Amino acid sequence: MKTKHLMTVLTAVATLTVSAAETTETMMDATETISGMTDDMSVTGTTETKGVKEITLPAWIQNIKLSGYGMLQYQGIDKKDAETNSFNLRLMRLILDGKIGNFDWRVQIQGTNVKGPGEPTVQLVDLYAEWRKYPEFKVRAGQFKRAFTYENPTHPITQGWFSYAQVINNLSGFGDRTGEKSSGGRDIGIQLSGDLFPNAAGRRLFHYQVGVYNGEGINEKDKDNKKDIIGGVWVMPIAGLRIGCFGWTGTRGDMTMKYLDNTFTYKGSVRKNRYALSVEYDKDEYTFRAEYLHSQGWGAAKAGNNVREVDYSLGDKADGFYAFGIVPVIKSKLHAKARYNLYRERKEWGTSKTYYEIGANYYFTKNLQLNFEYARVNERATHDNYNFVDVELDFRF
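Residues numbered from 1 in each chain as written. Predicted model: local features only at pLDDT ≥ 70, side-chain atom pairs only at ≥ 80, totals over all residues. Heavy atoms only, no water.

(A) Structural context of the pairing of strand S17 (residues 368-379). Pairing between strand S16 (residues 352-365) and S17: 12 bridges, direction antiparallel. Considered in S17, the bridge of threonine 365 is made with leucine 368. In textbook terms, the turn of a hairpin is the stretch between consecutive antiparallel strands, and for S16 and S17 this stretch comprises 2 residues. Of the strand pairs in this sheet, S17 and strand S18 (residues 384-396) are connected by 12 bridges, and their pairing is antiparallel. Paired with tyrosine 374 across the bridge in S18 is valine 389. Taking the residues between adjacent antiparallel strands as the criterion, S17 and S18 are bridged by 4 residues, where histidine 383 takes a positive phi near 60°. (Pairing = 2+ DSSP bridges. Helix = DSSP H or I, 4+ residues; strand = E, 2+ residues; numbered from the N terminus.)

As structure tokens, this is what we get:
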């Protein structure tokens, strides 16, 4: 009986040994097959580890970076006969950045609940490539921020307020005075820029930028075969300080205009002759900035929203000014802020609208912050004075 049990155990062991050998052989065959398949693939840069080739992606693919951010908002306004009290999805963006040789590129998609004629809730806002081999001379082409003012290219979260300043919104291509659809300060064109004259520490003291654009904002072809020319320069005498000026000349085409006697209308172009004077200090979490903007050229019946009808009652001049300070109360954790924010729709004090703003920004982490803002608003045209409150939760990834 014992002999019979012994023979059964030996038979089972032999069977398992043969099975294991066959399995090992099968696995080796599979490895050889995969290795052979890899040999047949045209992949740039492969390395061999213990007989198995590992695929290494090309550098331009490895350099692709996905990022984005969201801005959640609550606003309350107690203006007489126009009270509002609402939660809002201010903004969401997804960004792809990459590098191919000496070229950097970016694609940025925006989603927002703000919608007007010709302005979809999801749209392409950035699509460009920039040659950056030399810091003294860079070339950017595609759809991107116009080369006008310090505030325009500032990240909306870094900018620190419930919105860009009124004069930036109206005269820098956000909800533009000419009726151009909200374009976030962007247009399609080509730009040259560079930084010159490095000091002993390597910090460059002079910056220039000049661009040629369609003049119609984002995702739009030129309507009158004319181009906008925008440029700016600034000096940086000490670390953190910039003192600059900007100029802009161009047109917006396909506008409905009237002869002075109002007898009939015709299609034409409105001028955009603008300049800006700017100063900024930004260092060690202290940020102070002031800009004055002036515009000559007729305005549309309504700023933004892709309106193409001229409103002559607005006159052909507008201007505005803002100044703010953001300072650390608790470094990297809590910032206090104050801003004076003025816009004059007809360059007359009787048309001025002014926000007197105070607030604070609290940073849970570098990628998550809570912003609070209170403003007293004065509208001289309607003799209105009212209160404004904004709370935002902003995050990045």
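(B) The packing of aromatic side chains, seen in detail. Across all of its chains, the model carries 22 aromatic pairs by this definition. Arranged with centres 5.7 Å apart and planes meeting at 85°, the rings of tyrosine 150 and phenylalanine 246 form a pair that is edge-to-face. With tyrosine 150 in the loop between strand S7 (137-145) and helix H3 (156-159) and phenylalanine 246 in strand S11 (residues 241-258), this residue pair connects regions lying 96 residues apart in the sequence. We classify tyrosine 150 as buried; its relative accessible area is 2%. In this structure an aromatic cluster arises from ring pairing among Phe148, Tyr150, Trp234, Phe246 and Trp248. Its end group placed over the ring of phenylalanine 144, arginine 140 keeps NZ or CZ at 5.6 Å from the ring centre. Above the face of the tryptophan 161 ring, lysine 337 is positioned so that its terminal group lies 4.8 Å from the ring centre. (Phe/Tyr/Trp six-rings, centres within 6.5 Å; stacked < 30°, edge-to-face > 60°. Buried < 20%, exposed > 50% of the residue type's maximum accessible area, 1.4 Å probe, protein only. Lys NZ or Arg CZ within 6 Å of the ring centre and 35° of its normal.)

(C) Here's a closer look at the pattern of salt bridges. Summed over all chains, the structure comprises 30 salt bridges. Notably, a salt bridge pairs arginine 132 with aspartate 104, separated by 3.4 Å at the nearest N-O pair. With a gap of 28 residues between them, arginine 132 in strand S6 (residues 122-134) and aspartate 104 in strand S5 (residues 103-111) connect regions that are remote in the sequence. As a salt-bridge pair, lysine 223 and glutamate 220 come within 3.4 Å of each other at their nearest N and O atoms. (Salt bridge = Lys/Arg side-chain N within 4 Å of Asp/Glu carboxyl O.)

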